[in-house]
Amino acid sequence: MFNAIGRIFRTPDLRRKLGFTLGIVALFRLGSFIPAPFVDFGNVQACLAANQAGASGLYDLVNLFSGGALLQLSIFALGIMPYITASIIVQLLRVVIPHFETLYKEGQSGQGRLTQYTRYLTIALGVLQSTTLITVARSGALFPSSAPECSQLITNDAWYAILLMVITMTAGTGLIMWMGELITERGIGNGMSLLIFTSIAATFPGSLWAIGIARGWDIFALVLAIGLLIVVAVVFVEQSQRRIPVQYAKRMVGRRTYGGNNTYIPIKVNMAGVVPVIFASSLLYLPALIAQFNQPPQGEEAQPWVIWITNYLTQGDHPLYMLLYFMLIVGFTYFYVAITFNPDEVSENMKKYGGFIPGIRAGRPTAEYLDYVLTRVTLPGSIYLGLIALIPLIALALVGANANFPFGGASILIIVGVGLETVKQIDAQLQQRHYEGLLR
């Protein structure tokens, strides 16, 4: 293992790529601590110290993906979340808008245009989200604390100050997007995924330290041991797949013979990745967000529906919240898999190139068989996603962890997925140069 790591740094090209990636990551983390214009840095730090348990539930997900930069109102406060949202929206629009699906099938040129649309949408979402964040910060609702410092986070309320803050945060989002593309082009791995990986990994030490301080170091050791078991289980499931065998008939073109080989269609247990967790979290935030903006003035009683939402749909440790969260994740898993894997399209492509599944007729029967297998494989995958997503909520109730508990939810799925993919890419590049990879 150590010899393989040594070979990485002895290979000039690989060493240069790795150094470039680490340099961009360091700049990304530095920007997460630089406050935006007209932000009172002292008051922000005081509010963070007063709310060690983490952000209000409305901002947990965005704060997680920004590596804590959201609550610091830094120039990178929005993090990579606008780009993630824009990518998901463009992907979903392929089902609704035929032109987008046509561009996707055109190959590199069409997908390049879709990427450009994603960039434009990212900037638009950056403007929208930065405006919302600044509005919430001005109202004093960014932190659950009632300390006077938390309502005085911005030093200047003039229109030009607000405009400058919006431009700065939106530019920060554009800069993060550019950094991610630079890593993809000149570094190691997928740039956007690595930046998300960095943001989430940056919250691990603080979350674990908070558990040790609040619950004792024996609980800390127990959480660490359980966390390692969860990581092993997630790695096992993420690598699991159902392989459907495919054979291609031999055909003569001129004097050459094509086809005749055997391959397979890999159907992963978790084909949807972390997207259903993001969808479910975002949907559950909507009632709490509506209730927050309908809170009555101090001294008056809130409306019954606002009280009900506040009691049942804003606290992650409530059983009703957990049940809704789990059911939404299962439903969104089926929904996302259905729009990303089209059995009819796969069957048509196989038929076009002379491929068939042994024992299954080409055409419609193949599509029905693929749909049958996909439905059966997606069921354990959706339950697995739901259980992993509930781990932070259970930890919140049992050991007093914050909602960014590292060994569960979106964080562990992204950490494991990006880590595995990056290690595979390093391994492939080592094998090209030394015939021995990082993994054995």
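Scroll up a little and you will see the structure.
Residues numbered from 1 in each chain as written. Predicted model: local features only at pLDDT ≥ 70, side-chain atom pairs only at ≥ 80, totals over all residues. Heavy atoms only, no water.

Participant: What should I look at first to understand the sheet that holds strand 5 (residues 355-356) in this one?
Facilitator: The strands making up a sheet associate through hydrogen bonds between their backbones, and the pairing can be parallel or antiparallel. Taken together, the three strands give an open sheet; going across it, the order is 4-1-5, and neighbouring strands pair in antiparallel fashion. Every interior strand has two partners, whereas the edge strands, strand 4 (262-268) and strand 5, have only one. Where strand 1 (residues 241-248) lies against strand 4, seven bridges are found, and the strand directions are antiparallel. The partner of glutamine 247 across the bridge, within strand 4, is asparagine 262. (Pairing = 2+ DSSP bridges. Helix = DSSP H or I, 4+ residues; strand = E, 2+ residues; numbered from the N terminus.)

Participant: When you look at helix 2 (residues 12-31) in this model, what are you seeing that I'm missing?
Facilitator: For helix 2, built from 20 residues, the straight-helix expectation of 28 Å at 1.5 Å per residue is met to within 8% by its first-to-last C-alpha distance of 29 Å. Those residues of helix 2 that fall on the buried side of the exposure criterion are Leu14, Leu18, Thr21, Ile24, Val25, Phe28, Arg29 and Gly31. Projected onto a plane normal to the axis of helix 2, the buried residues spread over an arc of 165° and lie on a single side. Facing away from the buried side of helix 2, by more than 90 degrees, are the exposed residues Arg16 and Leu30. (Expected span 1.5 Å × (residues − 1). Buried < 20%, exposed > 50% of the residue type's maximum accessible area, 1.4 Å probe, protein only. Arc of directions from axis to C-beta.)

Participant: When you look at the layout of surface pockets in this model, what are you seeing that I'm missing?
Facilitator: Any space left empty among the atoms is revealed by the rolling of a water-sized probe across them. The computed volume of the largest pocket comes to approximately 1,600 Å³. As for the largest pocket, its lining consists of 45 residues, and the residues nearest its centre are Gln91, Asn190, Ser193, Val275 and Tyr336. When residues of the lining of the largest pocket are traced back to their parent elements, those giving at least two are helix 5 (81-96), helix 7 (108-139), helix 8 (159-186), helix 9 (191-201), helix 11 (217-239), helix 12 (275-292), helix 14 (319-340) and helix 17 (409-434). When residues in the lining of the largest pocket are grouped by element, the largest group, nine residues, is from helix 17. (1 Å grid on protein atoms, 1.4 Å probe; cavity = no way out; pocket = protein on both sides within 12 Å on 5 of 7 lines; lining within 4 Å. Points joined across faces, edges and corners; volume = space filled by probe spheres on them.)

Participant: Would you take a moment to explain unusual backbone geometry for this structure?
Facilitator: What is expected of a backbone is that most residues other than glycine have negative phi and most peptide bonds are trans. Unlike most non-glycine residues, phenylalanine 38 shows phi in positive territory, near 65°. Turning to its location among the elements, phenylalanine 38 is positioned in the loop between helix 2 and helix 3 (41-50). On the basis of relative accessible area, phenylalanine 38 is assigned to the partly exposed category, the value being 29%.

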